[in-house]
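Notes for the structure review
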Amino acid sequence: MARLALQQKILEGIPAELPDPKPYDSTVNHAPRRKDILTEKEKQLALKNALRYFKPEWHPVLAPEFLDELNTYGRIYMYRFRPDYEMKARPISEFPCKSDQAAAIMLMIFNNLDPVVAQHPHELITYGGNGSVFQNWAQFRLTMKYLAEMTDKQTLVLYSGHPLGLFPSHSEAPRVVITNGMVIPNYSKPDDWERLNALGVSQYGQMTAGSFMYIGPQGIVHGTTITILNAGRMKAGKSDDTLAGKVFVTSGLGGMSGAQPKATVIAGGICLAAEINPKAIQKRYDQGWVDEVFDNLDRMLIRMDQARRKKEVVSLAYQGNIVDLWEKLVREDVQIDLGSDQTSLHNPWAGGYYPAGLSFEQANELMVKDPGGFAERVRESLRRQVDAINQMSDRGTYFWDYGNAFLLEAGRAGADVFTPDGEFRYPSYVQDIMGPLFFDYGFGPFRWVCTSNDPNDLAVTDRIAGEIIAEILQDASPEIAAQWADNLHWIREAGKNKLVVGSQARILYADGRGRIKIAEAFNRAIAEGSISAPVVLGRDHHDVSGTDSPYRETSNIYDGSNLTADMAVHNVIGDAFRGATWVSLHNGGGVGWGEVINGGFGLLLDGTPAAAQRLHRMLFWDVHNGITRRSWARNPGAIATIQRAMNEEPLLKVTVPYLADDELIARIMPEVKAK
């Protein structure tokens with residue numbers, strides 16, 4: 001009966017009768033109030049934009065209500081239209097549909113908005129402070145109705161959460177094509193986003209929020225685990241070193257950053273993480289992703305010292321400001337091995353970073369009442385944080401930028417983050433670790449979701465993936481053997497580590513060959529019945545080919561093309577006509593609006609020969625597009641990888657660079673040599 005009621009509610013779209021207003025639930029983690037950026041004339045426009053989803057006879061009731069939302073929260077979320085049914089991933093069979101592909105997308109949307117997954121579920125924000133699935137609940141309702149009604153001969157088009165409609169297509173076309181935040185380049189500054197989002201015409205989809213591919217913090221747990229592992233190895237100068245007794249200091253326990261303590265524990269180290277939002281810290285503690293919580297730095301450092309002496313594996317969270325933690329470490333002359341930051345600095349003026357010297361509540365109030373004053377407090381805190389980090393770095397701490405725009409915003413704030421030649425004094429994690437060790441060889445965050453929502457199916461996929469990796473590892477080249485070995489350990493321990501939050505999903509890092517072999521094995525298992533329902537394949541946009549971002553994914557591109565976005569755009573286009581079930585292209589993600597173009601896909605495996613064809617041609621392109629671009633940028637690992645790929649695939653023929661002689665360049669440009 002509950003299943004039938006859910007299906008009926010989905011199929012109604014915008015209700016026939018005006019629903020009652022929803023009370024504001026103070027137990028839920030809500031988005032901070034956005035600044036009041038619209039003029040009175042623009043507010044009139046925002047109201048007209050919101051009301052066009054509803055029949056005119058409702059407008060006298062909704063207009064003042066929406067205006068109140070706009071004035072109170074800075075956005076029109078349409079809280080009244082939030083559904084009463086439970087928002088969570090559920091078996092694909094429970095969704096009303098004429099297309100299994102569309103039903104799989106519904107499952108993924110429900111997961112992105114599950115309160116145990118989403119950062120601000122009532123504001124339709126999955127992670128990162130402003131990473132939105134939709135702008136309002138009317139968009140959600142209409143999208144679900146369209147998905148329930150569509151066939152495999154239609155494609156749904158979404159403009160920044162707005163369902164433009166269903167259009168005729170064909171069975172090999174994507175079921176959904178998504179864009180988020182794709183504005184004219186000259187209108188891609190932070191205030192442009194604030195204005196356009198308040199008007200209800202554009203949204204910040206982050207990466208996997210607006211593309212429906214978020215799988216909870218498990219996704220970043222894996223990436224963070226291998227990053228911290230390899231950071232520790234680099235600092236120790238040993239390829240097989242462990243993190244036993246080593247301390248990692250960082251900040252943020254929100255939608256993405258919440259993975260850091262769990263990842264450090266999996267990697268065998270000690271984590272000190274600061275978080276100012278009490279609800280965020282409680283959520284991670286309740287999930288078991290943080291072991292112990294402190295509101296006193298003296299007590300936390302005593303506990304850290306005990307753990308270090310015993311080489312204990314533990315995560316410690318400080319409920320307070322990260323600036324206070326770094327400055328305490330400097331004053332007390334505490335030795336720290338590794339350091340980073342995962343505050344949401346892509347969104348520094350609207351809750352992504354909280355300044356020192358203010359409580360959480362005081363900062364939220366200042367953010368709205370005095371945006372300029374709040375911004376100056378943020379800049380001052382960034383300068384203080386960097387000063388402390390610089391002193392710790394001089395004492396031996398290895399610090400890296402985690403692609404969250406920390407160095408970018410700190411530099412803009414006047415912090416001492418630059419070398420004499422104008423470069424950042426600290427590397428991004430992609431420059432030192434992810435790029436040369438993973439992306440250049442085609443390794444990236446490959447993930448899947450079992451649409452049965454059955455843990456038994458997930459266990460089967462874990463076993464299959466482990467068997468495939470063990471087989472690949474037998475003849476893996478020395479350059480990639482360690483990457484495969486780490487991922488084999490990861491997948492074999494995944495069940496024990498209890499990483500599932502929301503949908504029955506898994507992630508690991510694999511190269512093109514590995515992704516295809518694992519996907520083929522899944523498709524066969526579905527056909528044979530050992531996996532009981534279809535499996536959704538996807539990846540983070542933070543991948544080999546999916547993202548052009550000069551401060552993160554393409555920060556180890558040194559030929560000048562790191563400021564271009566051809567790769568990410570081509571990737572989405574290529575995925576679309578090679579068989580992806582849905583594709584997305586976003587402005588913004590990770591380092592912020594206007595700083596990155598990124599895209600992603602979803603691909604449904606249903607055990608059919610058609611799915612086998614799609615997975616091979618799409619996954620091959622999805623990885624090798626980026627390897628080829630990195631090869632053309634003269635990255636040695638990528639050159640070797642694409643040469644091997646051409647030897648294995650006769651239809652692949654790419655342009656490989658010739659390398660210029662540095663001494664020749666120096667002879668004809670002596671002024672460069674002199675410098």
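Described in the following lines is the structure provided in the data block.

About the thresholds
Sequence order as written defines residue numbering, which begins from 1 separately in each chain. In keeping with the model being predicted, local features are shown solely for residues with a pLDDT of at least 70 and side-chain atom pairs are shown and tallied solely at 80 or more, while totals for entire chains, interfaces and linings include all residues. Water and hydrogen atoms play no part in the side-chain values, which are based on all heavy atoms of the structure. Counted as salt bridges are all cases of a side-chain nitrogen of Lys or Arg within 4 Å of a carboxyl oxygen of Asp or Glu. The aromatic pairing rule takes the rings of Phe, Tyr and Trp, using the six-membered ring of Trp, and pairs them if the centres are within 6.5 Å, calling planes under 30 degrees apart stacked, those over 60 edge-to-face and the rest tilted. For a ring to carry a charge above it, either NZ of a lysine or CZ of an arginine must fall within 6 Å of the ring centroid while also lying within 35 degrees of the normal to the ring plane. When DSSP finds two or more bridges between a pair of strands, those strands are recorded as paired. The way it works is that DSSP assigns letters per residue, a run of H or I at least four long becomes a helix, a run of E at least two long becomes a strand, and they are numbered from the N terminus. A contact between two residues is defined here by any heavy atoms of the two lying within 4.5 Å. To get an axis, a line is fitted to the C-alpha atoms, and for a helix only the part in contact is used. The angle between two axes follows their N-to-C directions and goes from 0 to 180 degrees. Only protein chains enter the accessibility calculation, which uses a 1.4 Å probe; a residue is then buried when its area is under 20% of its type maximum, exposed when over 50%, and partly exposed in between. To estimate the expected span of a helix, count its residues, drop one, and scale the result by 1.5 Å. The bend reported for a residue corresponds to the angle between axes fitted to the seven residues ending at that residue and the seven starting there. Identification of polar contacts relies on pairs of N or O atoms within 3.5 Å, with a donor-acceptor requirement for protein atoms, meaning one able to donate a hydrogen and the other able to accept it, and with residues adjacent in sequence counted only if both atoms are side-chain atoms. The cut-offs work like this: below 35 degrees is roughly parallel, past 145 is roughly antiparallel, 65 to 115 is roughly perpendicular, and the gaps in between are oblique. Crossing chirality is assigned from the near helix's rotation relative to the far helix, an anticlockwise turn below a right angle marking it left-handed and a clockwise turn marking it right-handed. For this classification, the nonpolar set comprises Ala, Val, Leu, Ile, Met, Phe, Trp, Tyr, Cys and Pro, the charged set comprises Asp, Glu, Lys and Arg, and every other residue, Gly included, is treated as polar.

**Comments concerning the pattern of salt bridges**
Taken as a whole, this structure holds 38 salt bridges when the rule is applied. Counted as one network, the salt bridges with shared partners bring together Arg 515, Arg 539, Asp 543 and Asp 622.

**Regarding the packing of aromatic side chains**
Under the defined criterion, the tally for this structure stands at 32 aromatic pairs. Where Tyr 53 meets Phe 54, the ring centres are 6.4 Å apart and the plane angle is 65 degrees; that geometry is what we call edge-to-face. If you follow Arg 75 out to its NZ or CZ, it ends over the ring of Trp 193, 5.1 Å from the centre.

**Brief notes about the pairing of strand β4 (residues 162–168)**
Sheet topology places strand β3 (residues 154–159) next to β4; six bridges connect them, and they run antiparallel. Bridge pairing links Tyr 159 to His 162 in β4. Here β3 folds back onto β4, and the loop between the two strands holds two residues, one of which, Ser 160, carries a positive phi near 45 degrees.

**As for the sheet that holds strand β7 (residues 270–275)**
The strand order across the open sheet built from six strands is β8-β9-β7-β6-β10-β11, with neighbouring strands paired in parallel fashion. Strands at the two margins of the open sheet, each flanked by one partner only, are β8 (292–294) and β11 (398–399). Sheet topology places strand β6 (residues 247–251) next to strand β10 (residues 338–339); two bridges connect them, and they run parallel. Looking at the pairing, Val 249 lines up with Gly 339 of β10. Sitting on the sheet, helix α11 (residues 322–331) is in contact with β6, β7, β9 (314–319), β10 and β11, with an inclination near 145 degrees to β6.

**With respect to the pairing of strand β17 (residues 597–605)**
Within a regular strand, side chains alternate between the sheet's two faces. Counting buried residues in β17 gives nine out of nine residues, a clear majority hidden from the surface. Judged by which residues are buried, β17 turns out to be covered on both faces: Ile 597, Gly 599, Phe 601, Leu 603 and Leu 605 on one side and Asn 598, Gly 600, Gly 602 and Leu 604 on the other are all buried. In the sheet, strand β14 (residues 535–539) pairs with β17 via four bridges, with the strands oriented antiparallel. The partner of Gly 538 across the bridge, within β17, is Gly 602. Where strand β15 (residues 547–548) lies against β17, two bridges are found, and the strand directions are antiparallel. If you follow Asp 548 over to β17, its bridge partner there is Ile 597. Pairing of strand β16 (residues 582–587) with β17 involves six bridges; the strand directions are antiparallel. Each residue of the ladder has a partner; that of Val 583, found in β17, is Phe 601.

**A short note on helix α20 (residues 609–632)**
In a regular helix each residue adds 1.5 Å, so 24 residues correspond to 34 Å; α20 covers 35 Å between its end C-alpha atoms and thus fits that length. Its maximal kink placed at His 624, α20 deviates by approximately 25 degrees. Phi turns positive one or two residues past the end of α20, at Arg 634, with a value near 75 degrees.

**A look at the side chain of Gln 135**
For Gln 135, the location among the structural elements is in the loop between β2 (131–132) and α5 (137–149). With a relative accessible area of 8%, Gln 135 lands in the buried category. Within the structure, Gln 135 has its side chain in polar contact with the backbone oxygen of Ser 160 (distance 2.8 Å). What Gln 135 contacts, discounting residues up to four positions off in sequence, is Ile 76, Tyr 77, Leu 124, Ser 160, Asn 197, Gly 200, Val 201, Ser 202 and Gln 203.

**Focus: the packing of α11 against helix α13 (residues 371–394)**
Here α11 crosses α13 at 30 degrees, and the two axes come no closer than 9 Å. Viewed along their axes, α11 and α13 adopt a mutual orientation that is roughly parallel. You can see that α11 and α13 cross each other, and the crossing is left-handed. Residues Ile 322, Val 323, Asp 324, Trp 326, Glu 327, Leu 329 and Val 330 of α11 lie in contact with α13, whose contacting residues are Ser 381, Arg 384, Gln 385, Ala 388, Ile 389, Gln 391 and Met 392. Counted by class, the contact of α11 with α13 contains eight nonpolar, three polar and three charged residues.

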